[in-house]
Amino acid sequence: MKQLEVLLPGAFDHGFDYVVPETMTLAPGDIVSVPFGRGQSLGVVWGEGKAKIASEKIKPIKIHHSEFPPLSIAMREFIAWAAWYNCAPLGAVLKMVLPVADIAKTGRTTIETAIDTDHLHLAKLSDAQRKAASALEEPIGKGFSVTLLDGVTGSGKTEVYFDAVACALQRTEMKNWRNEELKKKDAPIPQFLNSSIPQFPPSQILVLLPEIALSVQWLERFEKRFGFAPVVWNSQVTPAQKRAGWQAITKGDARVVVGARSALFLPYRNLSLIVVDEEHDGSYKQEEGTIYHARDMAVARGRFEKLPVVLVSATPSLESYHNVKTGKYKEVSLPARHNHAVLPEVEMLDMRSAPTERGKFISDKLRAALAQTIASNHQAMLFLNRRGYAPLVLCRHCGHRFECAECSSWLVAHKGKPRLECHHCGYTQPVPPACPSCGAADSLHACGPGVERVLEEVHEFLPQARVAVMASDQLSGYQELKDAITGMQEGNIDLLIGTQMIAKGHHFAGLAVVGVVDADLGLGGGDLRAAEKTYQLLHQLSGRAGRESVRGRVYLQSYLPEHPVMQALLSGDREAFLQAELQARENAHMPPFSRLAAVIIEGTKEDAVIRTTKLLAANFTVTPSQPPHTPSQPSPLKGEGLSVTRHLSPVTLLGPAPAPLYRLRGKYRYRLLVKAARSINLPDFVKGWVESVKAPSSVRVKVDIDPVGFL
Ligand SMILES: [Zn+2]
Ligand SMILES: [Zn+2]
């Protein structure tokens, strides 16, 4: 009897052999259900079976889900590549392709699929926008390419790429390469042609957005422009909607999909264009479970499926900027704001020369600007990237600080809640009546500001203002988020206070002033990208102001006004900042001029974690086939918090060091960082090294290729 290897979703590096029942004809890529453990699992036929065990002892494949097209060769190659690149099990990547268990179940949730692509509304574009749109449309249907749509905030980038989406929607022909693919030896031609699935599926477009918060206004704009709703794929979608969405995506009925990073791995039938909006955004990096960067995976998918990828940003990542400079990516720029709106004026408020009184966080100048803005019927925004009331509570008498019992982090005070809360793990404890350390009563003091404290301060000096807070703990649901955005749009809110959720993408016509309570907040810590990330965030935030008739003003409260990031924001010279940042990275031989892989060792037993870490460090050897080390030079990357020495050797180990968050959710954590020349096969090197050490069962060793966060 014939045996086939079936790959199952889960932490498996390889598939399992199953027997093919005589009634079934199967080929690689086919989606099947097989018995597994005590139950049943979905799976994908991956290849010929190893046939190491006699067929009588092997279970047969139960169901061939022939109503769904098989995974294409390009898709299977992409899965294998993504597993290799991210040092992840093959089955873990397949789990992202098949994220619903009961794929065949039909429900009442339906997906709108009847789309009139002949009568798409044409947007009124300016000449510059029209030119940019044509440049994005040009590569559609012509294989793989990456284009960076680089435009200042408010330049109408969304409308421009909507044009490219419309163009891709009108392409219905099957691309040549797909015909080529069908001719390949293991292509599942018989099933493909015999099934009821249309042979020439219409094109599909995927748009990735970094956060759900962004999708509210995006969906409104999309529906207005296209007259239909795209399929939404994110964590807010119900299981029934997910299943219906997956079915429509797989069969090719879903024409446009908008989603968070996980939408990238779905088995589109005929993907023709991928747009990654706000490509610089850190939330494209998946940090839990299978670690990957969705922007980089989108580019890879484009390469495997031979389709154009459009990256969109007003503040491109240094990596994408570098890829444009070196000619790897094409660039389309939109240098001016739409409808003659001018960029906001940036004012630096030096907090050293004009400090606020104790327990207050908004300077007199910013207070006056807010009051004036609201008095003249415009809107304002206050930004502080800290949730809760105060980030730290301490005893004024003995200095005792309240720390999480599970993490190396302070407990956050929340207004009106008698409990202190950890923002990393959710641990809470009641606020005690007296200090647990010295016993002093009434000695506890809330230190520093969170958005709730800023709200309290605003209520004091602007008692009449209609104020709303937008921070992820305030907005437990999508509806509340929608209400806050609608409130801003319709002018029912004078002042919006929020965390980074308010920085991105929103378009509020009446917004005249943006105040940044603590512009320096992101610059601390041992993060290689601290300056880049802070610049992007503050620049995005500034871009919210004055998008229509009003000239916007931005106030940055800073204790480091001389910092290059602050200077770049003040002068508006983005190019100079990016150039300087790129030069610093090159001098330090840091990405994009080298590659990094972080290895995180964590476990509940501290001694076992330390032992494993030491073993890993001791086992780190550069294989003899690689060139020998050259003498190291001192690091030009001063003040970046990383103990970097400039090795010109192909692979260098940095660390071990305790992770900045040494304890997280009760686990002890160490970090090792591998730096490698771009020519090195980093995944294979790291995998071989990590697997050379057998960690005890209480210790987990995680590999993070191209790390973005350094906690
Ligand atoms: Zn005390
Ligand atoms: Zn905690």
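Residues numbered from 1 in each chain as written. Chains lettered and ligands numbered in written order. Predicted model: local features only at pLDDT ≥ 70, side-chain atom pairs only at ≥ 80, totals over all residues. Heavy atoms only, no water.

**Q** Provide a residue-level description of the overall build of the protein chain, including the pertinent values.
**A** When you go through the protein chain residue by residue, the secondary structure sums to 18 helices and 29 strands. Within the span of the protein chain, comprising 711 residues, buried residues form 56% of the whole. Of all intrachain contacts in the protein chain linking residues separated by at least 6 positions in sequence, the fraction that spans at least 24 positions is 77%. With an accessible surface of roughly 30,500 Å², the protein chain has 52% of that area assigned to carbon and sulfur atoms. (Helix = DSSP H or I, 4+ residues; strand = E, 2+ residues; numbered from the N terminus. Buried < 20%, exposed > 50% of the residue type's maximum accessible area, 1.4 Å probe, protein only. Contact = heavy atoms within 4.5 Å. Areas by Shrake-Rupley, 256 points an atom, 1.4 Å probe, with all protein chains shown as cover.)

**Q** Explain the sheet that holds strand β22 (residues 467-470) to me, and be specific about the residues and the numbers.
**A** In spatial order, the strands read β15-β25-β24-β16-β23-β22; together these six strands make up an open sheet with parallel pairing. Among the strands making up the open sheet, the edge pair consists of β15 (345-350) and β22. Sheet twist, expressed as the mean angle between neighbouring strand axes with direction ignored, is 20°. Here strand β16 (residues 379-383) runs beside strand β24 (residues 511-516); their pairing, made up of five bridges, is parallel. From the neighbouring strand, F383 faces β24, where its bridge partner is V516. Set on the sheet, helix α14 (residues 530-542) makes contact with β16, β24 and β25 (553-558); between it and β24 the angle comes to about 155°. (Pairing = 2+ DSSP bridges. Axes fitted to C-alpha atoms, helices over the stretch in contact; angles between N-to-C directions.)

**Q** Break down the pattern of salt bridges for me, citing the residues and quoting the values.
**A** Within the structure shown, the criterion is met by 33 salt bridges. Among the salt bridges present, the one from E345 reaches R553, with a minimum N-O distance of 3.2 Å. Linking E345 in strand β15 with R553 in strand β25, this pair joins segments that are 208 residues apart in sequence. According to the relative accessible area criterion, E345 is partly exposed, its value standing at 33%. The shortest N-O distance in the salt bridge between R352 and E562 comes to 2.9 Å. (Salt bridge = Lys/Arg side-chain N within 4 Å of Asp/Glu carboxyl O.)

**Q** Would you mind going over the packing of aromatic side chains in detail, with residue names and values included?
**A** Counted according to the given criterion, the structure contains 24 aromatic pairs. Plain terms: the ring middles of W81 and F304 are 6.0 Å apart, the flat faces sit at 55° to each other, and that makes the pair tilted. With W81 in helix α1 (residues 73-85) and F304 in helix α9 (residues 294-305), this residue pair connects regions lying 223 residues apart in the sequence. In this structure F304 comes out as buried when scored by relative accessible area, which is 17%. An angle of 25° between the planes, with centres 4.3 Å apart, marks the rings of F222 and F226 as stacked. Taken as a pair, F222 and F226 lie in helix α7 (residues 212-226) at a separation of four residues, close to a single helical turn. Residue F222 shares its accessibility class with F226, and that shared class is buried. Residue placement shows R225 over the ring face of F226; its charged tip is 5.5 Å from the ring centre. Across from the ring centre of W81, 5.5 Å away, lies the NZ or CZ of R303, which sits over that ring. (Phe/Tyr/Trp six-rings, centres within 6.5 Å; stacked < 30°, edge-to-face > 60°. Lys NZ or Arg CZ within 6 Å of the ring centre and 35° of its normal.)

**Q** Which residues make up the coordination of the zinc ion (ligand 2), and what values do they have?
**A** Donor atoms from the polypeptide that bind the zinc ion (ligand 2) are C404 (SG), C407 (SG), C422 (SG) and C425 (SG), placed at 2.2 to 2.4 Å. Because the angles between the four donor atoms bound to the zinc ion (ligand 2) fall within 102 to 117°, the donor set is best described as tetrahedral. The sequence pattern formed by the donor residues of the zinc ion (ligand 2) is C-x2-C-x14-C-x2-C. Note that C404 is positioned in the loop between β17 (392-395) and β18 (412-413) and C422 in the loop between β19 (419-421) and β20 (428-430), a separation of 18 residues in sequence. Judged by its relative accessible area of 1%, C422 is buried. (Donors = N, O, S within 2.8 Å, 3.2 Å for Na, K, Ca; no water. Tetrahedral: all angles 85-135°; square planar, octahedral: opposite > 155°, others 65-115°.)

**Q** Explain the coordination of the zinc ion (ligand 1) to me, and be specific about the residues and the numbers.
**A** Taken together, the protein donors to the zinc ion (ligand 1) comprise C395 (SG), C398 (SG), C435 (SG) and C438 (SG), at separations of 2.2 to 2.4 Å. The coordination sphere of the zinc ion (ligand 1) comprises four donor atoms, whose angles at the metal cover 107 to 112°; the geometry is tetrahedral. Mapped onto the polypeptide sequence, the residues donating to the zinc ion (ligand 1) form the spacing pattern C-x2-C-x36-C-x2-C. Of the two residues, C395 is situated in strand β17 and C435 in the loop between β20 and β21 (444-447); the sequence distance between them amounts to 40 residues.

**Q** Hey, could you go over helix α11 (residues 364-375) for me, with residue numbers and the actual values?
**A** An ideal rise of 1.5 Å per residue puts 16 Å on twelve residues; α11 measures up with 16 Å between its terminal C-alpha atoms. The complete set of buried residues in α11 reads L366, R367, A369, L370, T373 and I374. Around the axis of α11, the buried residues are gathered within 165° of arc, so they sit on the same side. Facing away from the buried side of α11 by over 90 degrees, the exposed positions are D364, Q372 and A375. On its buried face, α11 sits against β15, β16, α12 (451-461), β23 (495-498), β24 and β25. Of the residues one or two after α11, N377 is the one with positive phi, at around 65°. (Expected span 1.5 Å × (residues − 1). Arc of directions from axis to C-beta.)

**Q** Explain the packing of α14 against helix α15 (residues 564-571) to me, using residue names and the numbers behind them.
**A** Two quantities define a packed helix pair, namely the angle between the axes and the distance from one axis to the other. Two elements in contact, α14 and α15, have axes separated by 9 Å at closest approach and are oriented at 30°. Considering the angle they form, α14 stands roughly parallel to α15. Crossing angle aside, the handedness with which α14 passes α15 is right-handed. On α15, the residues that touch A531, T534, Y535, L538 and H539 of α14 are V565, M566, A568 and L569. (Parallel < 35°, antiparallel > 145°, perpendicular 65-115°, else oblique. Left-handed = near helix turned anticlockwise from the far one by under 90°.)

**Q** So what's going on with helix α10 (residues 318-325)? Residues and values would help.
**A** Taking burial as the measure, the eight residues of α10 include seven buried ones, the bulk of the element. For α10, every residue scored as buried is listed here: L318, E319, S320, Y321, H322, N323 and V324. The secondary structure elements touched by the buried residues of α10 are β6 (145-151), α9, β13 (308-313), β14 (330-334), α14 and α16 (574-587). Positive phi appears at G327, one or two residues downstream of α10, with a value of about 85°.

**Q** Could you give an account of the side chain of S363, naming the residues involved and the relevant values?
**A** With respect to the element layout, S363 can be found in the loop between β15 and α11. The class of S363 is buried, set by a relative accessible area of 5%. For S363, the contacting residues outside a window of four places in its chain are L349, M351, T356 and Q557.

**Q** For unusual backbone geometry, give the residues involved together with the corresponding values.
**A** Omega for the peptide link from P591 to P592 comes to 5°, which places this bond in the cis form. Position of P592 relative to the elements: it lies in the loop between α16 and β26 (595-603). At D442, a position not held by glycine, the phi torsion is positive, near 50°. Here D442 is to be found in the loop between β20 and β21. Its identity as a non-glycine residue notwithstanding, R665 has a phi of 50°, on the positive side. Among the structural elements, R665 can be located in the loop between β27 (651-664) and β28 (667-676).

**Q** Could you give an account of the packing of α1 against α9, with specific residues and numbers?
**A** Their axes nearest at 9 Å, the elements α1 and α9 cross at an angle of 145°. In the crossing of α1 with α9, the sense of the turn from one axis to the other is right-handed. Contacts between α1 and α9 involve A74, M75, E77, F78, W81, A82 and Y85 on the former and, on the latter, M297, A300, R301, R303, F304 and E305. Classifying every residue of the contact of α1 with α9 by side-chain character gives nine nonpolar, no polar and four charged. (Nonpolar A, V, L, I, M, F, W, Y, C, P; charged D, E, K, R; others polar.)

**Q** Pulling in residues and values, what's your account of the confidence of the model for the protein chain?
**A** Predicted confidence across the protein chain gives a mean pLDDT of 86, with 88% of residues reaching 70 or more. Predicted confidence for residues 174-178 stays below pLDDT 50, and this span has 19 contacts to residues more than four positions away or in other chains. Of the regions scoring below 50 in pLDDT, residues 624-648 engages in 44 contacts with residues more than four places distant in sequence or in other chains. (pLDDT = per-residue confidence, 0-100.)

**Q** Before we move on, can you summarise the environment of E532 with the specific residues and values?
**A** Note that E532 resides in helix α14. Considered as a pair, E532 and L578 are 46 residues apart in the sequence and their alpha carbons are 8.2 Å apart. Within the structure, E532 has its side chain in polar contact with the backbone nitrogen of L318 (distance 2.8 Å). (Polar contact = N/O pair within 3.5 Å; in protein donor to acceptor, adjacent residues only side chain to side chain.)

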